[in-house]
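# Working through the structure, step by step
Spelled out, the chains give:
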Amino acid sequence: MSRVIVLGAGVLGASVAYHLAVAGAQVVVIEAGGPAAGTSSATFSMDVTHLKTPRAYYELNRASAALHATLAEELGGPSWRHPMPAIQWGDSEESRRGLRERAVRLMAWGHPCRIADPSELRELAPDVDPAACTADELVVHDQSAWYDAPLFVQRLLDRAAELGADIRYGLRAHALIRDGDAVTGVETGTRRWEADWVVNCTGPDADRVAALAGTDLPMTRIPGLVGESTPIPGLRLGAILATPEVDLRPAPGDRICSISWPVDALLAGQDDDALAGRLHAGGQRVLPALRAARLAGVRLGVRPVPADGLPLAGTHPGVPGLYHLVTHSGVNLAPELGRLAAQEIIGGDGPGLADYRVTRGVATSVKDESLTLMTTR
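About the thresholds
- Residues numbered from 1 in each chain as written.
- Predicted model: local features only at pLDDT ≥ 70, side-chain atom pairs only at ≥ 80, totals over all residues.
- Heavy atoms only, no water.
- Pairing = 2+ DSSP bridges.
- Helix = DSSP H or I, 4+ residues; strand = E, 2+ residues; numbered from the N terminus.
- Axes fitted to C-alpha atoms, helices over the stretch in contact; angles between N-to-C directions.
- Buried < 20%, exposed > 50% of the residue type's maximum accessible area, 1.4 Å probe, protein only.
- Contact = heavy atoms within 4.5 Å.
- Expected span 1.5 Å × (residues − 1).
- Phe/Tyr/Trp six-rings, centres within 6.5 Å; stacked < 30°, edge-to-face > 60°.

### Thoughts on the pairing of strand β9 (residues 175–179)
Summarising the sheet, β9 and strand β10 (residues 182–188) pair through 5 bridges and their orientation is antiparallel. For Asp179, the partnering residue across the bridge sits in β10 and is Ala182. Here β9 folds back onto β10, and the loop between the two strands holds 2 residues, one of which, Gly180, carries a positive phi near 70°.

Here it is as structure tokens:
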């Protein structure tokens, strides 16, 4: 039986731990905070498959989105996955042309999307102010979904624990145990944890863990504000909205979750409270019902972003025993990345993650739309 330590109890760590436990591994999860305490609970959490290129990366996201649905059925009980359409529109000729070209490409790939008349907003999202959309067409992704990421993490960890996984909170890896070049465990304060594998799923902290082994990961950190409103009983928002100013979706408890790429672009130079007000004001212009609500909370999420935008998976050749798993869009990708990583750890390298090795060259111009929005203002 393989002994595996998973560092991090966010979406990636929970998925890896679950799939390892299902495969019969002896699993210990070590987390500095609590379940989904970091970036996993400060994210917009939706199916972002439609934003992904190249084709192979799109297919990885599509497979993972499908696995979300399968896992929700397998585990039973309340589901973290909430299916609903996603609607996009642009505010300039350039952005509208880009959305149309992307939709045409996606349809050629077999993606369920279509170009629609703005009048469909009345049916798909009745509470949206029609004046907020000045575009002459929408792009509708009919089979999208949003995810309750903390519930997703908790459900996976609970099932992993039922299968024998040992979940430990409030512990941080201060050092790695070495046997020659190989990593054979973790030190947390005064305790040593030994294992056959250590899996680094620590998100923004992943390069620090890699440095403990004398290696590095080509990644950066991009901050973003995520807001959540107070409850709005009777709200009729039946879709996820991606507008030029703000993105909006339902959240548990009759709330609205919001993010804004234009607001995030100002994080380095303005007060967070002022930006939170701007985020909420942007949502109010699209969704008038938000005028009767306030922001119940705003979290600053720090996204771990590999240098070329694609996942980092696997080991460094000179450091066996330490497996890294880092990605942007972690909520959408977690089911499939966790499954493939567990498969490799138990059975050896496979083809599923071959394109995403930590040692690959990262000089590339390929970026998904969400990274373009974050990094190209």
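### Observations concerning the sheet that holds strand β11 (residues 191–194)
Strand order in this open sheet of 3 strands is β9-β10-β11, and the pairing throughout is antiparallel. The outermost strands of the open sheet, each flanked by one partner alone, are β9 and β11. Across the sheet, the mean angle from the axis of one strand to that of its neighbour is 35°, orientation sign disregarded.

### A word on the environment of Leu287
Following the sequence through the fold, Leu287 ends up in the loop between α8 (272–286) and β17 (295–306). Taking relative accessible area as the criterion, Leu287 reaches 0% and is therefore assigned buried. For the pair Leu287 and Asp127, spaced 160 residues apart in sequence, the C-alpha separation works out to 6.2 Å. The contact partners of Leu287, leaving out residues within four places of it in the chain, are Asp127, Val128, Leu235, Leu237, Leu248 and Ile256.

### Overview of the pairing of strand β16 (residues 255–259)
β16 sits mainly inside the fold: 4 of its 5 residues count as buried. Across 2 bridges, the pairing between strand β13 (residues 219–229) and β16 is antiparallel. From the neighbouring strand, Gly227 faces β16, where its bridge partner is Ser258. Inspection of the sheet shows strand β15 (residues 247–251) paired to β16 by 5 bridges, in the antiparallel sense. In the sheet register, Pro250 faces β16, and the bridge partner there is Ile256.

### Quick notes on the sheet that holds strand β12 (residues 197–200)
Judged by pairing direction, the sheet is mixed, and its 6 strands sit side by side in the order β8-β2-β1-β12-β19-β18 without closing on themselves. Edge positions in the sheet fall to β8 (166–169) and β18 (312–314), since each of these pairs with one other strand and no more. Neighbour-to-neighbour, the strand axes of this sheet turn through a mean angle of 20°, independent of strand direction. In the sheet, strand β2 (residues 26–31) pairs with β8 via 4 bridges, with the strands oriented parallel. Its bridge partner lying in β8, Ile30 is registered against Arg168.

### Things to note about helix α2 (residues 55–75)
One turn of an α-helix holds 3.6 residues; hence residues three or four places apart share an orientation. End to end, α2 covers 30 Å across 21 residues, agreeing with the expected 30 Å (1.5 Å per residue, within 8%). When we look at burial in α2, the residues that qualify are Tyr57, Tyr58, Leu60, Asn61, Ser64, Ala65, Leu67, His68, Leu71, Ala72 and Leu75. Where α2 is buried, its residues contact α1 (11–22), β3 (81–83), α3 (93–108), β7 (145–147), α5 (149–162) and α9 (330–347). The first or second residue beyond α2 is Gly76, which carries a positive phi of 65°.

### Here we look at the packing of aromatic side chains
Tallied over the entire structure, the rule returns 4 aromatic pairs. Taking 6.3 Å as the distance between ring centres and 55° as the angle between the ring planes, the aromatic pair formed by Tyr57 and Tyr356 counts as tilted. Here the residue Tyr57 occupies a position in helix α2, and Tyr356 occupies one in the loop between α9 and α10 (369–375), the gap between them amounting to 299 residues. Of the two residues, Tyr57 and Tyr356, neither departs from the other in class, the shared state being buried. Ring plane angle 50° and centroid distance 5.0 Å describe the contact between Tyr58 and Trp109, whose orientation is recorded as tilted.

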